[in-house]
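# Secondary and tertiary structure notes
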Amino acid sequence: MLFKKIRVPQLETERLILRPWAGKDAVDLFEYAQDPEVGPSAGWAPHRDLGESCGVINNFYKKSMTWAIQEKETGKVVGNVMLENDPYRPAVASKEIGYSLARTRWGKGYMPEAVKRVISYTFDVLNVDVIMLRTADDNLKSQRVAEKCGFTYEGTLRHSFRTYNGQIREVRCYSLLKNEYK
């Protein structure tokens, strides 16, 4: 099976550089992805070792539209933002956005800053009509990011997401239309 190379452009904000992932980022990824407070809130298991983080970068992040979130001040990678096809709107120009952030950076406004930059890229360059965001029903921090970025709550899909450990959870769905962004 041939994979189409995904081009992930570098984007910038006041405090952050959003850029393609590189192998050297595995140490930073492992540092925050091993935290039991980070992955499980998004439905994935904490990374067990550096090799797992390398595998995620090489087998997933580099084959998808996923940005590493790098602090300008420190040069450290502290999270990611990704775009995927929206599984609920196949007949519309629509993308789904997802993200994770190191717990040491929570509460600093980094995620809304990064997500807003990816939103502008998605609407202005990719010419998408709607961006969808899903988050766990109990992930209040992610819900707050959605609200800060202008997303509208659409509803909850009950009993709809199976986590890495087999738990089934509810998912809150949000959307942002291009005309709402403008």
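Right above here is the structure, for reference.
Residues numbered from 1 in each chain as written. Predicted model: local features only at pLDDT ≥ 70, side-chain atom pairs only at ≥ 80, totals over all residues. Heavy atoms only, no water.

### Notes on the overall build of the chain
When its secondary structure is counted, the chain shows six helices and eight strands. The secondary structure elements of the chain, listed N-terminal to C-terminal, are β-β-α-α-α-β-β-β-α-β-α-β-β-α. Computed over the C-alpha atoms, the radius of gyration of the chain is 16 Å, within 12% of the 16 Å expected from 2.2 N^0.38 for a compact globule of 182 residues. For the chain, the spread of C-alpha atoms along the three principal axes comes to 40 × 40 × 35 Å. Within the chain, buried positions represent 47% of all 182 residues. For the chain, the exposed area adds up to about 9800 Å²; of that, 51% sits on carbon and sulfur atoms. (Helix = DSSP H or I, 4+ residues; strand = E, 2+ residues; numbered from the N terminus. Rg over C-alpha atoms; globule rule 2.2 N^0.38 Å. Buried < 20%, exposed > 50% of the residue type's maximum accessible area, 1.4 Å probe, protein only. Areas by Shrake-Rupley, 256 points an atom, 1.4 Å probe, with all protein chains shown as cover.)

### Observations regarding the pattern of salt bridges
Scanning the model with the defined rule gives 14 salt bridges in all. With its nearest N and O atoms 3.2 Å apart, the salt bridge here joins D28 to K76. Taken as a pair, D28 in helix 1 (residues 26–33) and K76 in the loop between strand 3 (65–71) and strand 4 (77–85) lie far apart in primary sequence, 48 residues in all. Here K76 falls in the partly exposed class, since its relative accessible area comes to 22%. A salt bridge links E147 to R144, with the nearest nitrogen and oxygen atoms 3.5 Å apart. Pair noted here: E147 and R144 are both in helix 5 (residues 140–148), with a separation of three residues, about one helical turn. (Salt bridge = Lys/Arg side-chain N within 4 Å of Asp/Glu carboxyl O.)

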